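Chain by chain, the residues:
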Amino acid sequence: MHSALFYGSGVALVTPFSKGKVDLATYEKLIDWQIESETDAIISLGTTGEPSTLTRSERAELVECAVNVVAGRVPLIVGAGANDTRTAVSYAVEAQNLGADGLLIVTPYYNKANRRGLIEHFFAIADRVEIPILVYNVPSRTGMNLDPSVAAELLKHPVIRGVKEASGDLRQMTRLAQLAQGAALYSGNDDQVYPLLALGARGVISVVANILPAQVHNLVSSYLRGDHELSREAQFSLLEISDALFSEVSPIPVKAALAKMGKIENELRLPLAPLDPAREERLCAVLKKWELLA
């Protein structure tokens, strides 16, 4: 039986920039706001945090900052994946040494891997750390899909505690839930939280929670306390804003949204560029409905 890293809503937190540099002061404010809004876990350096554009020293600064600000109030999970196993191991060990509570490890992108290589990749990382690992399956980003049978094999390692599933394939999610019984499963798609909860998931690692933390928390917490109708209605209510936040490559829209809320500067790092006017207008219309515009 695998214990969950957390139950509820984990936010895949953006990395704020200002004039080309990581904005740690704003990062601290975002973390505090998330925890005050009942977010159940902070995920630093996930996909939404643009980790591929960060230097080694910037990564360390962000993790140190998050550790200090979170201060044990909720679990802090750090993204430490890479397409080179040695790099992933070093990221994982560093995050553990800096005080992370858990690790989010994406499948190796670009290189991909065969079945044996994929299992050995994750086991090589897991063998070097003591804090729990979530395996992250997001084939739209990595170019490869984590088969449920491989996930079940990975979950035999005592350090690997669960899966963030973002394939979007409900049939695959059902098979994964069947094979990985007792493991901690999390939805990686904001528009599929309720279906995965119905299959036994513990919660979500959310992009939408960047701007509506309380609402995403309530979606999950209502389901977990048995109020399935309220949870389903919460899922329905968030569909439009989820669509708007994924109208372009994430985190482009969510950073634009946070900027319009007055939370961050709308600054990205190439190869990401700002929203086009049509998508920005659509985003503003949805934000206005939720009364989120500054």
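The structure this text deals with has already been given above.
Read on for an overview of the structure.

About the cut-offs
- Residues numbered from 1 in each chain as written.
- Predicted model: local features only at pLDDT ≥ 70, side-chain atom pairs only at ≥ 80, totals over all residues.
- Heavy atoms only, no water.
- Phe/Tyr/Trp six-rings, centres within 6.5 Å; stacked < 30°, edge-to-face > 60°.
- Helix = DSSP H or I, 4+ residues; strand = E, 2+ residues; numbered from the N terminus.
- Buried < 20%, exposed > 50% of the residue type's maximum accessible area, 1.4 Å probe, protein only.
- 1 Å grid on protein atoms, 1.4 Å probe; cavity = no way out; pocket = protein on both sides within 12 Å on 5 of 7 lines; lining within 4 Å.
- Points joined across faces, edges and corners; volume = space filled by probe spheres on them.
- Nonpolar A, V, L, I, M, F, W, Y, C, P; charged D, E, K, R; others polar.
- Salt bridge = Lys/Arg side-chain N within 4 Å of Asp/Glu carboxyl O.
- Contact = heavy atoms within 4.5 Å.
- Core = buried A, V, L, I, M, F, W, Y, C linked by side-chain atoms within 4.5 Å.

Under the definition given, this model contains two aromatic pairs. Ring geometry for Phe6 versus Tyr186: centroids 4.4 Å apart, planes at 20 degrees, classification stacked. Taken as a pair, Phe6 in the segment before strand S1 (8-12) and Tyr186 in strand S9 (residues 184-187) lie far apart in primary sequence, 180 residues in all. For Phe6, a relative accessible area of 4% corresponds to the buried category. In this structure Tyr186 comes out as buried when scored by relative accessible area, which is 0%. For the ring pair Tyr194 and Tyr223, a centre distance of 5.5 Å and an interplane angle of 85 degrees mean the geometry is edge-to-face. In this pair, Tyr194 sits in helix H8 (residues 193-198) while Tyr223 sits in helix H9 (residues 213-224), placing the two residues 29 residues apart along the sequence.

Before going further, it helps to examine the layout of surface pockets. If you add up the space inside the largest pocket, you get close to 560 Å³. Lining the largest pocket we find 26 residues, and of these Thr47, Pro51, Ser52, Tyr109 and Arg141 sit closest to its centre. Contributing elements (two or more residues each) for the lining of the largest pocket: helix H3 (85-98), strand S6 (102-106) and helix H5 (139-142). Class assignment for the residues of the lining of the largest pocket results in 13 nonpolar, ten polar and three charged. By volume, the second largest pocket is sized at about 420 Å³. Looking at the second largest pocket, it is lined by 23 residues, and the ones nearest its centre are Arg141, Gly188, Asn189, Phe246 and Ser250. Taken together, the elements giving at least two residues each to the lining of the second largest pocket come down to H5, strand S10 (203-206) and helix H11 (239-245). The class makeup of the residues in the lining of the second largest pocket is eight nonpolar, nine polar and six charged.

What follows is about the pattern of salt bridges. Counted according to the given criterion, the structure contains eleven salt bridges. Across the pair Lys255 and Glu50 runs a salt bridge whose closest N-O atoms are separated by 2.6 Å. Taken together, the positions of Lys255 in helix H12 (residues 252-260) and Glu50 in the loop between strand S4 (41-44) and helix H2 (56-70) put the pair 205 residues apart, joining distant regions of the chain. Lys255 gets classed as buried once you look at its relative accessible area, which sits at 0%. Among the salt bridges present, the one from Glu94 reaches Arg56, with a minimum N-O distance of 3.2 Å. Here Glu94 is found in helix H3, whereas its partner Arg56 is found in helix H2, with 38 residues between them in sequence. In this structure Glu94 comes out as partly exposed when scored by relative accessible area, which is 24%. Owing to a relative accessible area of 39%, Arg56 belongs among the partly exposed residues under this scheme. Salt bridges linked by common partners bring Glu248, Asp276 and Arg279 together as one network.

Take the side chain of Thr26 next. Along the chain, the position of Thr26 falls in helix H1 (residues 24-36). Accessibility expressed as a relative area gives 14% for Thr26, which makes it buried. Those residues in contact with Thr26 that lie beyond four places of it in its chain are Pro16, Lys263 and Ile264.

Judged by nonpolar contacts, the single largest core of 91 residues is most densely connected at Ile31, Ile42, Leu103, Ile133, Ile211 and Ile241. Not counting residues within four places of it along the chain, the set of residues in contact with Ile42 comprises Val11, Leu13, Ile31, Gln34, Ile35, Val70, Val74, Pro75, Leu76 and Ile77. If you look at the next biggest cluster of nonpolar residues, it comprises 15 residues, including Leu5, Phe6, Ile43 and Leu104.

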